[in-house]
Amino acid sequence: MSVLDRFRLDGKVAVVTGGNRGIGKAIATALAEAGASVAIASRDEDRNREAVADLAKVGGAVISTRTDVTSRADLEAMRETVTGQLGPIDILVNNAGVGIHGESLSIDDEAWDRVMATNLDAVWKASQVVGASMVERGTGSIVNVGSMSGMIINRPQWHAPYAVSKAGVHHMTRSLAAEWAPRSVRVNAIAPGYTKTEISDIDLPEYKHYWIDEVPMQRYAQAVEIAPAALYLASPASSFVTGEVLVIDGGYTLW
Ligand code: NDP
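Residues numbered from 1 in each chain as written. Predicted model: local features only at pLDDT ≥ 70, side-chain atom pairs only at ≥ 80, totals over all residues. Heavy atoms only, no water.

Caption draft 1: Geometry of the overall build of the protein chain. Across its full length, the protein chain carries seven helices and nine strands. The C-alpha radius of gyration of the protein chain comes to 17 Å, within 12% of the 18 Å expected for a compact globule of 255 residues. Across its three principal directions, the C-alpha atoms of the protein chain cover 45 × 40 × 40 Å. Buried residues in the protein chain amount to 50% of all 255 residues. Considering only contacts in the protein chain between residues 6 or more positions apart, those separated by 24 or more positions represent 73%. Per element, the accessible surface of the protein chain, about 11700 Å² overall, is 53% carbon and sulfur. Charge separation in the protein chain, taken as the distance between the mean sites of 23 positive and 30 negative side-chain charges, equals 5 Å. (Helix = DSSP H or I, 4+ residues; strand = E, 2+ residues; numbered from the N terminus. Rg over C-alpha atoms; globule rule 2.2 N^0.38 Å. Buried < 20%, exposed > 50% of the residue type's maximum accessible area, 1.4 Å probe, protein only. Contact = heavy atoms within 4.5 Å. Areas by Shrake-Rupley, 256 points an atom, 1.4 Å probe, with all protein chains shown as cover. Lys, Arg positive; Asp, Glu negative; His and termini not counted. Charge placed at Lys NZ, Arg CZ, Asp CG, Glu CD.)

The structure is reproduced here in structure tokens:
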């Protein structure tokens, strides 16, 4: 097997939560290009349909399932739909996430709960729902989308709930990796830095100094620059890697 063959995912079935736009769509595209059958699991059905049409151009089987990742019932229905239409799930990318900016004293319980439900609790629920069959089959790879915000304190904006949720994702990654390693299920995470997508206010002038000038590479990322790291962790190329949080931040966390 050549080294590039180790990145191939032919015959594998992958689910990408929040795969209908941004980083998730870039990851779903990368997995499809590597040969996987891909299911997109997000809420907006029009966007899901558009993403499926775009991914279908890559080739291979692509479906979407309308899924709110905060709902265990939705996740269980997603698992049944994907398994029925594509086969048992080999790869789960927990990418769906929401951002929030605000000073901690002004953030109410509803906002805290919403961020935690989407960014942290849903990663737990999806890992349980899909991980159960991976553990049973003795094979699988879970890739969580954390953030450099789970490692450092961003400036100038405050977003304590978001940062806490991503730090939790990183440690959940390590916890499940250790627990499921003997069952041949690997659990890793990527920690992107500033990336141009809809979640991010990346072009606001007040952020330029902190979000661009202070990045050693002096720019932000495009989503296609994040996706290859997820492919690496999803594929046999990383067969001896588990519990890793791979930072992709243009050097931001070096300072
Ligand atoms: P986008 O806002 O572009 O996309 C977010 C995706 O998540 C959408 O597909 C959305 O689909 C989905 N989503 C949100 N809530 C739910 C839900 N309850 N159930 C199912 N799907 C949901 O964001 P990004 O692509 O920028 O972010 C993707 C991930 O990357 C997030 O986890 C984010 O925290 C992380 N990240 C982003 C960075 C950046 O600078 N952009 C940096 C570091 C990490 P829908 O609304 O249709 O459900």
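Caption draft 2: Structural detail: the packing of helix α4 (residues 109–137) against helix α5 (residues 160–180). The N-to-C vectors of α4 and α5 enclose an angle of 15°; their axes lie 9 Å apart at closest approach. The orientation of α4 with respect to α5, classified from their angle, is roughly parallel. α4 and α5 meet at a crossing whose hand is right-handed. Facing α4, whose interface residues are Trp 112, Val 115, Met 116, Asn 119, Leu 120, Val 123, Trp 124, Ser 127, Gly 131 and Val 135, α5 presents Pro 161, Tyr 162, Val 164, Ser 165, Lys 166, Gly 168, Val 169, Met 172, Leu 176 and Trp 180. Split by residue class, the contact of α4 with α5 holds 14 nonpolar, five polar and one charged. (Axes fitted to C-alpha atoms, helices over the stretch in contact; angles between N-to-C directions. Parallel < 35°, antiparallel > 145°, perpendicular 65-115°, else oblique. Left-handed = near helix turned anticlockwise from the far one by under 90°. Nonpolar A, V, L, I, M, F, W, Y, C, P; charged D, E, K, R; others polar.)

Caption draft 3: View of the sheet that holds strand β3 (residues 62–66). Read across the sheet, seven strands follow the order β3-β2-β1-β4-β5-β6-β9 without closing on themselves; strand pairing throughout is parallel. Sheet topology places β3 and β9 (245–248) at the edges, where each strand pairs with a single neighbour. Ignoring strand direction, the axes of neighbouring strands in this sheet form an average angle of 20°. By the bridge criterion, five bridges tie strand β2 (residues 37–42) to β3 in an arrangement that is parallel. Counterpart to Ala 39 in the pairing with β3 is Ile 63. Helix α1 (residues 22–33) rests against β1 (13–17), β2, β4 (91–94), β5 (140–145) and β6 (185–192) of the sheet, and its axis sits at about 170° to β1. Packed onto the sheet, helix α2 (residues 45–56) meets β2 and β3 and runs at close to 170° relative to β3. (Pairing = 2+ DSSP bridges.)

Caption draft 4: Expanded view of the packing of aromatic side chains. With the rule as written, the count across this model stands at four aromatic pairs. Where Tyr 194 meets Trp 211, the ring centres are 4.5 Å apart and the plane angle is 10°; that geometry is what we call stacked. Taken together, the residues span a long stretch of sequence, with Tyr 194 in the loop between β6 and β7 (195–196) and Trp 211 in helix α6 (residues 205–213) at a distance of 17 residues. One aromatic cluster is present, formed by Tyr 194, Tyr 207, Trp 211 and Tyr 252 through successive ring pairs. (Phe/Tyr/Trp six-rings, centres within 6.5 Å; stacked < 30°, edge-to-face > 60°.)

Caption draft 5: Fine view of the nonpolar core. Of all hydrophobic cores here, the largest spans 33 residues; its most connected members are Ile 27, Leu 31, Val 38, Val 93 and Ile 190. Those elements that provide at least two residues to this core are β1, α1, β2, α2, β4, β5 and α7 (223–234). For this core, the element with the highest residue contribution is α7, accounting for eight residues. With residues near it in sequence (within four places) discarded, Val 93 still touches Val 15, Val 16, Thr 17, Ile 27, Leu 31, Val 143 and Val 145. In terms of nonpolar packing, the next biggest core, distinct from the first, is built from 30 residues, Ile 63, Leu 92, Val 169 and Ala 177 among them. (Core = buried A, V, L, I, M, F, W, Y, C linked by side-chain atoms within 4.5 Å.)

Caption draft 6: The arrangement of the site of the ligand in detail. As a matter of local geometry, the ligand sits amid 30 residues, with Asn 20, Arg 43, Asn 95, Tyr 162 and Thr 197 nearest to it. The side chain of Arg 21 places a nitrogen or oxygen atom 3.0 Å from an oxygen atom of the ligand. A distance of 2.9 Å separates an oxygen atom of the ligand from a polar atom in the backbone of Thr 195. Here the ligand has 880 Å² of accessible area as a free molecule, and 95% of this is covered by the chains. Breaking the shell around the ligand down by element, the ones donating at least two residues are α1 and α5. Its residues assigned to classes, the shell around the ligand shows nine nonpolar, 15 polar and six charged. (Near = heavy atom within 4 Å. Polar contact = N/O pair within 3.5 Å; in protein donor to acceptor, adjacent residues only side chain to side chain.)

None of the figures reported here should be taken as evidence of function without further support.
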